[in-house]
Amino acid sequence: MTLVEVEGLSVHFGGKTALHGVDLAVAPGEIVTIVGPNGSGKTSLLRAVIGAIQPAAGSVRLKAGLRLGYVPQRLHVDPTLPITVGRFLALPRPAPRGARRAALEQAGVPDLLDQQMSSLSGGQFQRVLLARALIGGPEILLLDEATQGLDQPGSAAFYQQIETVRRDTGCAVLMISHELHVVMAASDRVVCLNGHVCCQGSPAVVASAPEYRALFGTGTGGALALYRHDHDHDHDHATTEAAE
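Calculation criteria
Residues numbered from 1 in each chain as written. Predicted model: local features only at pLDDT ≥ 70, side-chain atom pairs only at ≥ 80, totals over all residues. Heavy atoms only, no water. Pairing = 2+ DSSP bridges. Helix = DSSP H or I, 4+ residues; strand = E, 2+ residues; numbered from the N terminus. Axes fitted to C-alpha atoms, helices over the stretch in contact; angles between N-to-C directions. Contact = heavy atoms within 4.5 Å. 1 Å grid on protein atoms, 1.4 Å probe; cavity = no way out; pocket = protein on both sides within 12 Å on 5 of 7 lines; lining within 4 Å. Points joined across faces, edges and corners; volume = space filled by probe spheres on them. Nonpolar A, V, L, I, M, F, W, Y, C, P; charged D, E, K, R; others polar.

**Regarding the pairing of strand S9 (residues 197-201)**
Here is step 1 of the chain: Of the pairings in the sheet, the one linking strand S8 (residues 189-193) to S9 comprises 4 bridges and is antiparallel in character. For Leu193, the partnering residue across the bridge sits in S9 and is Val197.
Here is step 2 of the chain: What sits between S8 and S9 in their antiparallel hairpin is a turn of 3 residues, with Gly195 showing a positive phi close to 85 degrees.

Have a look at this one:
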């Protein structure tokens, strides 16, 4: 059974077509990454999945009772507002302190519960947003460029944590990222968008596809060397970046 199934999706904004004829399915436990240039419709696709926008055509079907966890691209919290991480995690729905602490552990920041939100670094803030998305025990995590503004090591560490969450909880992940050097090989499947689905498949298949190379060039193929999966859960993280 698929968790999310998108068929023939078209989205219009102000008389312009943002997406046309998009098909997408996400199965339990898989990590699917959406890549594409600016303006390619990546966020529109994610917003259609969560029901924030209505399609002009096509359909979005979610598994009955599907539990979603959403990590936004950015969230502004007034730095003058005296609110702890623990209180923030209890908004808008109360959650037991134990559940909030467990979610922070899953997000890799177990000691932040009583910290002020205003004191967090950018990386810590994104981990708290991840913890907030994990509190309900989601079957699928949706991430909209969740590492925007972080440096490369911070981004890499965040996506490694996503892999750990998937391994430990079995949840699926549907994420948008512009950081090809970080996410390509951390994904089970990559979907390349440019208003429509240009190509999709395993990271290696997509990196070698003419449609992908026309958008991103050939250098990003070397991104696959940055992370190598071992199905016994041993990860060998190479340090070489894609040659540009």
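**Considering the sheet that holds S8**
Here is step 1 of the chain: With mixed pairing, 6 strands are arranged side by side in an open sheet as S5-S6-S7-S3-S8-S9. The sheet is open, and its two borders are formed by strand S5 (68-71) and S9, each paired with just one other strand. Neighbouring strand axes in the sheet, compared pairwise and without regard to direction, differ in orientation by 15 degrees on average.
Here is step 2 of the chain: Here strand S3 (residues 31-35) pairs with S8 via 4 bridges, running parallel. Residue pairing in the sheet places Thr33 in a bridge with Val190 of S8.
Here is step 3 of the chain: Along the sheet, helix H4 (residues 122-134) contacts S5 and strand S6 (140-144); its crossing angle with S5, the most-contacted strand, is approximately 165 degrees.
Here is step 4 of the chain: Running over the sheet, helix H5 (residues 152-169) touches S3, S6 and strand S7 (172-176) and is turned about 165 degrees from S6.

**Focus on the layout of surface pockets**
Here is step 1 of the chain: In this structure, the largest pocket occupies an estimated 380 Å³ of space.
Here is step 2 of the chain: What lines the largest pocket is a set of 18 residues, among which Arg93, Arg132, Ala133, Ile135 and Gly136 lie closest to the centre.
Here is step 3 of the chain: Among the secondary structure elements, those contributing two or more residues to the lining of the largest pocket are S5 and H4.
Here is step 4 of the chain: Along the lines of polarity and charge, the residues of the lining of the largest pocket split into 12 nonpolar, 3 polar and 3 charged.

Note that every value here comes from positions in space, so none of it alone points to a role or purpose.
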